Amino acid sequence: MTLVVTGGQILSATSPRGEARDIVIDGDTIVDLVMPGSVRDDNAERLDASRRLIIPGLINSHTHSHGGLSKGIGDRWNLEILQTANPWMGGQRGPEDKYLSALITAIDQVEKGTTACYDLFFEFPVPTIDGMEAVASAYMEVGLRAVIAPMVADLTFYQSLPGFIDALTRIDGGKAGAMRMGRTEDVISALRRLAVQWSYPSDRLRLGIAPTIPHHCSREFMIGCRDVARDHGLVMQTHVGEAKYQAASSFQIFGRSMTRTMESVGILGPWFSAAHAVWLDDADMRLLAERGAQVAHNPGANMRLGSGIGAARDYLRHGVALGIGTDGCHCSDNQNMFEAMRAASFVSRVRGLPPQEWLSTHETFRLATEGSARVLGFQDLIGKIAKGYKADLVLLDLDHVNFMPLNNAVNQIVHAEDGCGVDKVLIGGRMVVSGGRALGVDKVALAAKADAAVERLHALNAEARKFSEIIEPIVVNFCHGLTDNTALAGLHRLLPSH
Ligand SMILES: [Zn+2]
């Protein structure tokens, strides 16, 4: 079946107001870009895109679908407080809760112009087939493409730092120290089972593997994850150097940086991306570049959690491919890639660099499309409006006030658009959003289900919440103390001072 998107302006690097082209789509793929009105085929279906600016779908290179039910939880939280809250925020969930959380995350994304994401999804104590199917079915229902990477570890947050459990035992009677993740061999076998059973179309949903944070993974565990990924050709993503205490303690624990630690177990390669990568030095950046690894840059979440500012320009200078992400709703809090682009552009300007070193709007837009596509391993399918690429298109309303007047399309997309100008979204040529609303979704019923789930889960997790609130001050003090010691001398340069 041929579909022709007629009368629109396609975003272009050379023309500030876009270029008038009709887009010819066969099935789910763009087969031609032609002058307006030049397709004569009477049998072709037509979609009128007059007064619409057409961009490739945005691609979210780092999120967590389990965050969908936790939107707006927490205010003055850093990463340590978030990790302390994780057991009650995400505890006691059944398949329906996992589905709801993923559905909300998916709708949030498509309605704001995102057509694919990299989802690090968490289940405790081990990832299950049921849980993965719950998440995958939400994505299939909404139409979003995704890499779904179970976020796994064999050490708890409390086991991950030397002396942490001792510091907590004085007030919690050993409760934090008694917590355990799934056993190493159980988690690795669960990942292998998922890889064997995965049956979704590879251009829609792919399995990935996410050893969550190097500190939370034993060497044996990291090697197990690497082997499953290698045997099944899966992409991998890990949170690397998100918070300052992690960079500092890495030298204490491993005697080297987190990046070097992962290199020592053979995890770095073109299949690997580092999420955040705020507290990495030049040597780490060079190593990522040499191995062909990528970075998922999440400036919104980094600011929300007070983590620091990722050095996007430095990564690009080293030749590291960069994507942009929102991070999960529990730490960012919406799933708006227009905001993530704006944050990336803005934070690149406050690091003391001259204007020519700031991210331009063209660069920022490319990172959120082609760059993120590379992080997902989908770079041959999506991220561009070009012949042979999937028809993942966002139609922005040029009569929306965000584009009034249209002075410079890409500047306005990155610096003025906030998702409100999204009119239609097509994924693989299929319309999934019209009039700014996800199609086939009963929002009233969904909101009622989400509220009921949250009420039930809060009651079930009340005791765990009380516990995390008791230990929170010790956690904050302990992690802050780590950033103050001589281990930091091992880093060549630390943000935000460089
Ligand atoms: Zn994350």
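A few points on the structure. Note that this is a predicted model, so its numbers are computed, not measured.

Thresholds, definitions, all that
- Residues numbered from 1 in each chain as written.
- Predicted model: local features only at pLDDT ≥ 70, side-chain atom pairs only at ≥ 80, totals over all residues.
- Heavy atoms only, no water.
- Helix = DSSP H or I, 4+ residues; strand = E, 2+ residues; numbered from the N terminus.
- Rg over C-alpha atoms; globule rule 2.2 N^0.38 Å.
- Buried < 20%, exposed > 50% of the residue type's maximum accessible area, 1.4 Å probe, protein only.
- Contact = heavy atoms within 4.5 Å.
- Areas by Shrake-Rupley, 256 points an atom, 1.4 Å probe, with all protein chains shown as cover.
- Lys, Arg positive; Asp, Glu negative; His and termini not counted.
- Charge placed at Lys NZ, Arg CZ, Asp CG, Glu CD.
- Salt bridge = Lys/Arg side-chain N within 4 Å of Asp/Glu carboxyl O.
- 1 Å grid on protein atoms, 1.4 Å probe; cavity = no way out; pocket = protein on both sides within 12 Å on 5 of 7 lines; lining within 4 Å.
- Points joined across faces, edges and corners; volume = space filled by probe spheres on them.
- Nonpolar A, V, L, I, M, F, W, Y, C, P; charged D, E, K, R; others polar.
- Pairing = 2+ DSSP bridges.
- Axes fitted to C-alpha atoms, helices over the stretch in contact; angles between N-to-C directions.
- Donors = N, O, S within 2.8 Å, 3.2 Å for Na, K, Ca; no water.
- Tetrahedral: all angles 85-135°; square planar, octahedral: opposite > 155°, others 65-115°.
- Phe/Tyr/Trp six-rings, centres within 6.5 Å; stacked < 30°, edge-to-face > 60°.
- Lys NZ or Arg CZ within 6 Å of the ring centre and 35° of its normal.

### Observations regarding the overall build of the protein chain
Here is step 1: Each helix and strand in the protein chain was counted, giving 17 helices and 19 strands.
Here is step 2: Its C-alpha atoms give the protein chain a radius of gyration of 22 Å, near enough to 23 Å, the size a compact globule of 498 residues would have.
Here is step 3: Taken along the three principal axes of its C-alpha coordinates, the protein chain extends 75 × 50 × 45 Å.
Here is step 4: Residues classed as buried in the protein chain amount to 59% of the 498 residues present.
Here is step 5: Intrachain contacts of the protein chain at a sequence separation of at least 6 include 78% that bridge at least 24 residues.
Here is step 6: In the form shown here, the protein chain has an accessible surface area of approximately 18900 Å², with 52% of it arising from carbon and sulfur atoms.
Here is step 7: Across the protein chain, the 48 positively charged side chains and the 56 negatively charged ones have centroids separated by 3 Å.

### Looking at the pattern of salt bridges
Here is step 1: Across all of its chains, the model carries 25 salt bridges by this definition.
Here is step 2: With its nearest N and O atoms 2.7 Å apart, the salt bridge here joins D423 to R52. Highlighted residues: D423 in strand β17 (residues 422-427) and R52 in strand β7 (residues 52-56), separated in sequence by 371 residues.
Here is step 3: Given a relative accessible area of 9%, D423 falls into the buried group.
Here is step 4: Assessed through its relative accessible area of 17%, R52 is described here as buried.

### Section: the layout of surface pockets
Here is step 1: Taken as a whole, the largest pocket spans an internal volume of roughly 980 Å³.
Here is step 2: Lining the largest pocket are 40 residues; nearest its centre among them are N86, P87, F122, F124 and M181.
Here is step 3: For the lining of the largest pocket, the leading source of residues is helix α1 (residues 79-90), giving seven residues.
Here is step 4: A class-by-class count of the residues in the lining of the largest pocket yields 18 nonpolar, 16 polar and six charged.
Here is step 5: Taken as a whole, the second largest pocket encloses approximately 360 Å³ of empty space.
Here is step 6: If you trace the second largest pocket, you find 17 residues lining it, with L11, S12, A13, F365 and E370 closest to the centre.

### Let's talk about unusual backbone geometry
Here is step 1: For the bond from F124 to P125, the omega torsion is -5°, close enough to zero to count as cis.
Here is step 2: Looking at the secondary structure, you find P125 in the loop between β9 (114-122) and α3 (129-142).
Here is step 3: Geometrically, the link from M404 to P405 is a cis peptide bond, its omega value of -5° lying close to zero.
Here is step 4: Along the chain, P405 falls in the loop between β16 (393-397) and α15 (409-415).
Here is step 5: Phi is positive for A277, close to 50°, though the residue is something other than glycine.
Here is step 6: Structurally, A277 can be placed in the loop between β13 (272-276) and α10 (282-291).
Here is step 7: Even without being a glycine, D327 presents a positive backbone phi close to 70°.

### Structural notes on the sheet that holds strand β6 (residues 45-48)
Here is step 1: The strand order across the open sheet built from four strands is β5-β4-β1-β6, with neighbouring strands paired in mixed fashion. The open sheet terminates on both sides in strands that have one partner only, identified here as β5 (29-34) and β6. Strand after strand, the sheet turns through a mean of 25° between neighbouring axes, direction not considered.
Here is step 2: Pairing of strand β1 (residues 2-6) with β6 involves four bridges; the strand directions are parallel. Bridged to V4 within β6 is R46.

### Describing the coordination of the zinc ion
Here is step 1: Ligation of the zinc ion by protein atoms is provided by H62 (NE2), H64 (NE2), H239 (NE2) and D327 (OD), these donors lying 2.1 to 2.7 Å from the ion.
Here is step 2: The site at the zinc ion holds four donor atoms, and with the angles between them running 82 to 177°, its shape is irregular.
Here is step 3: Positions of the donor residues of the zinc ion, expressed as sequence spacing, correspond to H-x1-H-x174-H-x87-D. One end of the pair, H64, is in the loop between β8 (58-63) and α1; the other, H239, is in strand β12 (residues 235-240), with 175 residues separating them in the sequence. Taken as a pair, H64 and H239 share a single burial class, namely buried.

### Some thoughts on the packing of aromatic side chains
Here is step 1: Under the criterion given, the structure shown has six aromatic pairs.
Here is step 2: Aromatic side chains F157 and Y158 sit 5.4 Å apart centroid to centroid with 45° between the ring planes, which places their arrangement in the tilted category. Comparing F157 with Y158, the two get one shared label, buried.
Here is step 3: Of the aromatic side chains, those joined through ring pairs into one cluster are F157, Y158, F164 and F478.
Here is step 4: The residue whose ring lies beneath R206 is F378, and the NZ or CZ to ring-centre distance is 4.1 Å.
Here is step 5: Its end group placed over the ring of W88, R465 keeps NZ or CZ at 4.2 Å from the ring centre.

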